[in-house]
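Secondary and tertiary structure notes
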Amino acid sequence: MIKLLDDHQVISLVGNSKNAGKTSVLKYLMHTYQKPLIITSIGLDGEDIDQVTFREKPRIFARKGDIIVTAFQTLDSFEAAYTILRKTSIQTALGPIVICRIDKAGNVLVAGPSKVFDMEKLLDNLHQEFSYKTMIDGAFFRQSFARICDGLILVIGASYSRDMSLTINNARLNYQKFTLPSYRGDSSFDQSKVSLMIKDNLVALDVSSTLGKNHEIFQELKHVDGIYLPKTLTDDFVKTWTNVYHHLSFNVTVKSPVNIQLNDQNLQNLFKLANRIDTLHPLKVIAVAMNPFSPSGYTYPKKAFKDALEDALGIDVINVKEDDNHE
């Protein structure tokens, strides 16, 4: 996996569920990648007790020279020695975001920015100062942060379901979503408006979202080739398509794959109903990692899980730490 990092500057770790195994993957990368890293997260990572499940979690072990981007109040939990390089104007519930250099290795608690805009601005500034690669430890319900990276590691954990077949299906759907092809048409249009695709032309509607407008929009879709959606593609949109307008088939273009926020059934229906689904801002999945252990106390058969994932995704899947049953 380390070789895969060479061509990417910002790598985001996205899990299929809470306790998927993202932090174990991050620890593996930090252990095997010899150069300093910029490390941050979405929300709180590296805490002793998971704030949702109240189970023990592995902590993030930062090395000398690493740059940690975290909220000020988390510094009280640092076992590593550090120097605050500067405070930022980005505010969180745990105080302002600070930039720290690790002077002596040790465990750290990381709680980064919670807004995509803040993370983008912060990383742009940091990369002018440091040439280090950045690792963003993400939250499974905050996939929107994946759009600011140029490389994504998808972590598939048994914690999604006791039923391994459901986890495999969820992994297949998410991998298909995160690897949507790039939009092939002219992208020089108003990307803030819902737009109809009529042959080679796009006609903007006077709405920026489908919320409350599903039936009105589907009436327009009877004689067009496709639709561009600038914001979230919702369960309600796909339910309306499935239940009322299933006879219609057209292309769907989204701004980013992370704008598709659907449950598994609706995501599966979307792939069946649409002629083609593409995106203005494609993501690059550079690796898929697996964790056959669940903190709830059950374990998938490792080989069967790995074989099933590789068969479903059509790629090699990495088990970075076979004996680790924590995130």
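Structure: above.
What you see is a predicted model, and the numbers here were worked out from it, not measured in a lab.

**Describing the packing of helix α5 (residues 235-243) against helix α6 (residues 264-273)**
Contact geometry for α5 and α6: axes closest at 10 Å, N-to-C directions at 55°. Comparing their axes, α6 and α5 come out oblique. Helix-helix and strand crossings are classified by hand; for α5 and α6 the assignment is left-handed. Residues Asp 235, Val 238, Lys 239, Trp 241 and Thr 242 of α5 form the contact with α6, whose participating residues are Asn 266, Asn 269, Leu 270 and Leu 273.

**Let's talk about a nonpolar patch on the surface**
Nonpolar side chains collect at one region of the surface, where Phe 72, Tyr 82 and Ile 84 lie side by side and expose about 230 Å² of accessible area between them. Relative to the elements of secondary structure, Phe 72 occurs in the loop between β5 (67-71) and β6 (81-92).

**A few points about the sheet that holds strand β16 (residues 277-279)**
Strand pairing in a sheet relies on backbone hydrogen bonds. The paired strands run either parallel or antiparallel. Across the sheet, 5 strands lie side by side as β13-β12-β14-β15-β16; this open sheet has mixed pairing. Of all the strands in the sheet, just β13 (201-204) and β16 have a single pairing partner and so form its edges. Going across the sheet, the axis of each strand differs from the next one's by a mean of 25°, ignoring polarity. In the sheet, strand β15 (residues 251-254) pairs with β16 via 3 bridges, with the strands oriented parallel. Its bridge partner lying in β16, Val 254 is registered against Thr 279.

**Here's the deal with the side chain of Thr 167**
Mapped onto the secondary structure, Thr 167 falls in helix α3 (residues 164-178). A relative accessible area of 0% places Thr 167 in the buried class. Within polar-contact distance, the side chain of Thr 167 engages the side chain of Tyr 300 at 2.7 Å. Setting aside its immediate chain neighbours within four residues, Thr 167 contacts Asn 16, Ile 156, Gly 157, Ala 158, Tyr 160, Ser 161, Tyr 300 and Phe 305.

**What to know about the environment of Leu 280**
Topologically, Leu 280 is positioned in the loop between β16 and β17 (285-291). Of the residues examined, Leu 280 reaches a relative accessible area of 14% and is grouped as buried. Sequence separation between Leu 280 and Ser 187 is 93 residues; the distance between their C-alpha atoms is 7.4 Å. Ignoring anything within four residues of it in the chain, the contact list for Leu 280 reads Tyr 183, Ser 187, Phe 189, Gln 191, Tyr 228, Thr 253, Val 254 and Lys 255.

**Overview of the packing of aromatic side chains**
Taken as a whole and assessed by the stated rule, the structure comprises 12 aromatic pairs. Summarising the aromatic geometry, the rings of Trp 241 and Phe 250 are spaced 4.2 Å apart at their centres and angled 5° between planes, so their arrangement reads as stacked. Phe 250 shares its class with Trp 241; the two are buried. In this structure, Lys 87 packs its charged tip against the face of Phe 72, placed 4.4 Å from the ring centre. The lysine or arginine in question, Lys 177, covers the ring of Phe 178, its NZ or CZ lying 5.0 Å from the ring centre.

The rules behind the values
- Residues numbered from 1 in each chain as written.
- Predicted model: local features only at pLDDT ≥ 70, side-chain atom pairs only at ≥ 80, totals over all residues.
- Heavy atoms only, no water.
- Axes fitted to C-alpha atoms, helices over the stretch in contact; angles between N-to-C directions.
- Helix = DSSP H or I, 4+ residues; strand = E, 2+ residues; numbered from the N terminus.
- Parallel < 35°, antiparallel > 145°, perpendicular 65-115°, else oblique.
- Left-handed = near helix turned anticlockwise from the far one by under 90°.
- Contact = heavy atoms within 4.5 Å.
- Patch = residues over 30% accessible without salt bridge, like charges linked within 9 Å, V, L, I, M, F, W, Y side chains within 5 Å.
- Areas by Shrake-Rupley, 256 points an atom, 1.4 Å probe, with all protein chains shown as cover.
- Salt bridge = Lys/Arg side-chain N within 4 Å of Asp/Glu carboxyl O.
- Pairing = 2+ DSSP bridges.
- Buried < 20%, exposed > 50% of the residue type's maximum accessible area, 1.4 Å probe, protein only.
- Polar contact = N/O pair within 3.5 Å; in protein donor to acceptor, adjacent residues only side chain to side chain.
- Phe/Tyr/Trp six-rings, centres within 6.5 Å; stacked < 30°, edge-to-face > 60°.
- Lys NZ or Arg CZ within 6 Å of the ring centre and 35° of its normal.

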